[in-house]
Every structure is written in C-alpha cells, then in structure tokens.
Amino acid sequence: MLRLLKFELYKIYKQKSIYILFALLIALISTGGWIDRSNEKVIYQGYQKWEGKLTAEKIYKLDRIREDGNKKSDAGQEFTFKEHLLYSISMVIFQQTNFTDERNKEIAQLTEKIQQTPLSYEKRQAELKKDMLSRIDTSYFYYPKGPAIMLDMIYTFGFVITAFMTIIGIGPIFSKEYSSGMDQFLLSSKYGRSKAVTAKILASLMFILSVIAVWSLYSVARSAYSFGLHGWKSSIQSVIQFLESPYPFSLSSAFTMMMAIHVVAALAFGLIVVFISAVSKKVIVSVLASGVIFGLPLALDTVLDYGGTKKVWVDRFISFSIYQFMKVKELFVGFRTYNFFGYPVLQPILAIVLSIFTIIIFWYMTKWILKKKQITV
C-alpha cells in the first residue's frame, strides 16, 4: 500500500503544470503592494501606547483627539503624520465603542424576547445569540494588522489557490488513466483494485494538504515580516470585516477555526474532484466539471450580490456550497443558524458536518464506481 501511495504521489507531483500555476498565483498575490517596514514600525509604536485595557481615561483622551481632528478636518487643515495616526486610532476606538453599545442594546432586546417567548426554536436561537454576544470582550485594544492580513488571505486568495490547485493537480487523476489506457492496469492491479483506488484518494488528499500548508506558511511568513506577530489577543471584532460578528473569538482562535474549516471543506472538494475524474473519460471534462462546481457559486456570489440583488434561492444555494465553506468568511460575519429538530445549529458547525459527510459519501462513491467498472472489464 505504501509503495502504491508513493507512486501516486509521484505522478501528481511530477506534473509541471501545478508548479507553474502555483508560482503564477503566488506571484499575483505578491504584487499587492510594497510595505515600508520602517514606517510600519513607527505606526505600531504609535498604537503600542494605547494597547491593553481600554480605561475611561484612555477613552476620554482619544475622544478629545477625535473631536480636535474633526474640527481640523472641517476647517480644511492638513494633519501631520503623528496627528493622522492618533486620529486614526481614536476613530478605531470610537467605532469599537459604538458597536459595544449597540451590542449591549441587542443583548437587552434578546433578554426581553427570551422572557416573552415560549420554549421553541426561536427562544433557543435568541438564547444562543445572547450567550455569544455576552461573551464578546472588546474592552482591550491591540494593533491587529498582521493577524488581520492572515485572515484576509484565507477568504481572498487562499481558498482560490486551494481550489485551482486541486482542480489542476488531481482533476486528471483517473481521467488521464482512461485516456492513456492505463485504467486496464489499474483494474487488474496485483495490489488489488481497492488498494489502488485508496492510494489515489489518499495521494489526492495529501496533495491538497500540502498546497494549503505552503500558501498558509507563505502568508504567515510574509505578514510576520511586514507587520510582526503581535495582535493575536485582539477580538475578531477588531477587524473591520468582522465588526458585527457575534462570535466571541480572539484573532488567534478565529484564525485556527477558519483554517480548520477551510481544510475540511477543501478535502471535501478534493473528493468531489476525484469522483468526477473517476466518471470522466476525458481530462478536459473532469477539469471543466470541477471548475463549474466551484466557480458557479463564486460567479453568482460576485455578480448577484452587487447592489443587494441576490435572490433568496441563490443565497441558500451559495450558503450550502463547498465554495462558501472553503471561503469561510461568510460563516463568521453574522449570526446564522439552522433548525435541527427545534435546536439552532450555527452555520460554521453545519459547514464542518456537511463537509465531513461529503468526504465520506464521495470516498465510497468513488470506490463503488471503480468496483462497478472492474465487473464490466
């Protein structure tokens, strides 16, 4: 079995196309702007003075800075670098404080709703949301630029790199055998057909894990070099995209959770691609079909979301798509649950369960397809 696995890994990694594609994708994301590290160091030093517990004294001073900045802006006066930095910090704290107040109001509304609602899905849903909101701690302030960039990498470029590399790298894994006539060898393998198929599946999953490992390590190294490794204690709400997130996570917890979901969803997508390859006699069909499965939800999400025109059925289709699970971001920006026998199930949990279910189903379907083929040969 080990020899078969090594052979299948060799066949995947010897493809020149995967290295060319990966190099192009990394080159593309690396052109996202030059970072002046000395300037970044000055910015961080400015933030350091305000890091830690947000005391009443700190908030008062920052309010004065914000008000003075607003007056200066209204008067058309220019800011010095230091003034602009302080004003930016004051605006971040002001925004964070405002959302803390809004969150407290929502907790009060949920408390009232819980008291007035009889035991039901709606009541359990309200109790869950209240509990999550109550555990959010935004009373501390840190400079989160580095961790924010690493999170951003997952849902902007990372999930696309994983998908493209999966389609190109393992899309031909069975189809190429059919095109070259090597499927006869596969079906009559002395190691056993089941072992040969299992080796291909395991090799595919290991390839996906290696792709994710490489781009994530690249992202961490690049962000650490440019912005440092500080800021992981910040709440996820310190990142503007997750300002209204109901999840009581620090950035370190959020990053771990999002990467875990991405990995499981990516493996599920990989099994779908392997299955499509197993039923496709031509490589181009396998690659295009896999591309459509990933690309259609992406296209609908991009095109129909503009201007708030997204239809309900499209939103539901995207919400349950492997694309959404791999992207991860939308799972954490808001509060979304599904009714499971009267109990609310959070969307991230559903994403993990459905992804694992997809892995199991397509693993066995692929083996079943190849088993049927062996009977007819």
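Residues numbered from 1 in each chain as written. Predicted model: local features only at pLDDT ≥ 70, side-chain atom pairs only at ≥ 80, totals over all residues. Heavy atoms only, no water.

In this section: helix α4 (residues 56-74). For α4, spanning 19 residues, the distance from its first C-alpha to its last is 27 Å, which sits close to the expected 27 Å at 1.5 Å a residue. Every buried residue of α4 is accounted for by Lys58, Leu62, Arg66, Gly69 and Lys72. Each buried residue of α4 sits inside an arc of 125° when the element is viewed along its axis, so together they form one side. Those residues of α4 that are exposed and angled more than 90 degrees off the buried face are Ala56, Glu57, Tyr60, Lys71 and Asp74. (Helix = DSSP H or I, 4+ residues; strand = E, 2+ residues; numbered from the N terminus. Expected span 1.5 Å × (residues − 1). Buried < 20%, exposed > 50% of the residue type's maximum accessible area, 1.4 Å probe, protein only. Arc of directions from axis to C-beta.)

Turning next to the nonpolar core. Core analysis: the largest hydrophobic core is formed by 75 residues, its most contacted members being Ile161, Trp215 and Met326. When residues in this core are grouped by element, the largest group, 18 residues, is from helix α11 (residues 251-279). Excluding anything up to four places from it in sequence, Trp215 contacts Phe22, Met153, Ile154, Gly158, Ile161, Thr162, Met259 and His262. Formed by 11 residues, the second largest nonpolar core is a distinct cluster that contains Ile43, Tyr47, Leu62 and Leu85. (Core = buried A, V, L, I, M, F, W, Y, C linked by side-chain atoms within 4.5 Å. Contact = heavy atoms within 4.5 Å.)

Turning our eyes to something else, we now look at the packing of aromatic side chains. A full pass over the atoms with the stated rule returns 17 aromatic pairs. The interplanar angle of 40° and the centroid separation of 4.4 Å between the aromatic rings of Tyr47 and Tyr143 together place this pair among those described as tilted. Here the residue Tyr47 occupies a position in helix α3 (residues 37-48), and Tyr143 occupies one in the loop between β2 (140-141) and α7 (145-170), the gap between them amounting to 96 residues. When its relative accessible area of 6% is taken as the criterion, Tyr143 is described as buried. Its guanidinium or amino end placed over the ring of Tyr60, Arg64 lies 4.7 Å from that ring's centre, counting from NZ or CZ. If you follow Lys72 out to its NZ or CZ, it ends over the ring of Phe79, 5.9 Å from the centre. (Phe/Tyr/Trp six-rings, centres within 6.5 Å; stacked < 30°, edge-to-face > 60°. Lys NZ or Arg CZ within 6 Å of the ring centre and 35° of its normal.)

A positive phi angle, near 75°, is found at Val328, a position not held by glycine. Within the secondary structure layout, Val328 lies in the loop between α14 (322-327) and β3 (337-340). Using a relative accessible area of 0% as the deciding quantity, one classes Val328 as buried. For Phe341, which is not glycine, the phi dihedral falls at a positive 55°. Residue Phe341 is classed as exposed on the basis of its relative accessible area, which comes to 73%.

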